[in-house]
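# Overview (structure and organization)
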Amino acid sequence: MGLSLRFPGTIVPIESQSILTDGMIVRVGSADNTVRLPGGASPTTSLLGCMMRPDGSACAAGDTIDLVLGGVYPLIAAGTITRGDFVTSGGTDGSVITETASAGVNVAVIGQALESAVTGDRVAVAINPFMKQGG
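First things first, this report covers the structure right here in the doc. Throughout, a residue's number is its position along its own chain's written sequence, starting from 1. Given that this is a predicted model, residues contribute local features only at a pLDDT of at least 70 and side-chain atom pairs are listed and counted only at 80 or more, while totals for whole chains, interfaces and linings are drawn from all residues. Computation of side-chain values: all heavy atoms of the structure, hydrogens and water removed.

## A short note on the pattern of salt bridges
For this document, the term salt bridge refers to a Lys or Arg side-chain nitrogen within 4 Å of an Asp or Glu carboxyl oxygen. With the rule as written, the count across this model stands at 3 salt bridges. The partner of D22 in a salt bridge is R6, with the nearest N and O atoms 2.9 Å apart. Residue D22 is found in the loop between β2 (11–16) and β3 (25–28), and its partner R6 is found in the segment before β1 (7–8); the two are separated by 16 residues along the sequence. Comparing D22 with R6 shows no difference in burial state: the two are buried. Note that K132 is salt-bridged to E99, the shortest N-O span being 3.4 Å. In this pair, K132 sits in strand β12 (residues 122–133) while E99 sits in the loop between β10 (96–98) and β11 (106–113), placing the two residues 33 residues apart along the sequence. Given the relative accessible area of 23%, K132 is considered partly exposed. Salt bridges sharing partners connect three or more residues here, namely R6, D22 and R122. Secondary structure elements follow DSSP: runs of H or I of four or more residues count as helices, runs of E of two or more count as strands, with numbering from the N terminus. Using a 1.4 Å probe on the protein chains alone, a residue whose accessible area is under 20% of its type maximum counts as buried, one over 50% counts as exposed, and one in between counts as partly exposed.

What follows is the structure in structure tokens.
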């Protein structure tokens with residue numbers, strides 16, 4: 001995927017409680033108007049969006065970042081993803097994996113992959129956070 005496939009929708013400035021780079025997904029932070037990295041893979045806590053910093057630089061905790069709340073943005077794959085898969089947190093590093101919730105288990109989804117990818121690739125995702133129950 002070319003990193004030019006960036007069509008962010010709503011972007012808001014918000015304070016980061018974590019060190020982040022472009023394309024990392026986040027959840028709501030522990031204080032008002034803050035975000036932080038997910039707590040682990042396939043979380044049951046809602047995901048919020050992803051960091052936008054196309055120059056590739058990292059932010060420090062306490063920095064104001066651009067947070068993508070919708071649109072299409074290239075996220076960081078942490079496994080094999082097939083276009084059309086719903087994706088969720090791949091761990092505490094801000095990456096994404098295919099959502100595979102078991103029956104009756106809730107999992108936070110950040111959006112739907114628009115293309116296929118493998119670990120380390122950037123994968124275009126339609127950002128649309130929601131909670132899904134496996135079935």
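## Comments concerning the sheet that holds β2
When DSSP finds at least two bridges between two strands, those strands are taken to pair. The strand order around the closed barrel formed by 5 strands is β2-β4-β3-β6-β7, and the pairing between neighbours is mixed. On average, each strand axis in the sheet is inclined to that of its neighbour by 55 degrees, with strand direction left out of account. Interaxial angle, 0 to 180 degrees, is taken between N-to-C directions of lines fitted to C-alpha atoms, where a helix line uses only the stretch in contact.

## Observations regarding the pairing of strand β6 (residues 49–52)
Strand direction decides the pairing type here: β3 and β6, joined by 2 bridges, are antiparallel. Its bridge partner being in β6, I25 is matched across the sheet by C50. As paired elements, β6 and strand β7 (residues 64–68) share 3 bridges and run antiparallel to each other. For C50, the partnering residue across the bridge sits in β7 and is V68.

## Here we look at the nonpolar core
Core analysis: the biggest nonpolar cluster contains 18 residues, and L75, V96, I110, V123 and I127 have the highest contact counts within it. Secondary structure elements with two or more residues in this core: β6, β8 (71–76), β11 and β12. Dropping the residues within four chain positions of it, I110 is found in contact with I25, L47, L48, G49, L75, V87, V96, A126, I127, N128 and P129. Of all hydrophobic cores here, the second largest spans 10 residues; its members include M24, V26, V35 and M51. Working definition of a nonpolar core: buried Ala, Val, Leu, Ile, Met, Phe, Trp, Tyr and Cys residues. They are joined through side-chain atoms within 4.5 Å. Residues count as neighbours in contact if any of their non-hydrogen atoms are within 4.5 Å of one another.

## Description of the packing of aromatic side chains
Pairing of aromatic rings covers Phe, Tyr and the six-membered ring of Trp, with a centre-to-centre limit of 6.5 Å; geometry is then stacked below 30 degrees between planes, edge-to-face above 60, and tilted otherwise. In total, this model carries 1 aromatic pair according to the counting rule given. Residues F86 and F130 carry aromatic rings whose centres are separated by 5.3 Å and whose planes lie at 85 degrees to one another, so their mutual orientation is edge-to-face. Of this pair, F86 sits in strand β9 (residues 86–91) while F130 sits in strand β12; the two residues are 44 residues apart in sequence, bridging distant segments of the chain. Residue class for F86 comes out partly exposed when judged on its relative accessible area of 31%.

Taken by themselves, the reported measurements are silent on function.
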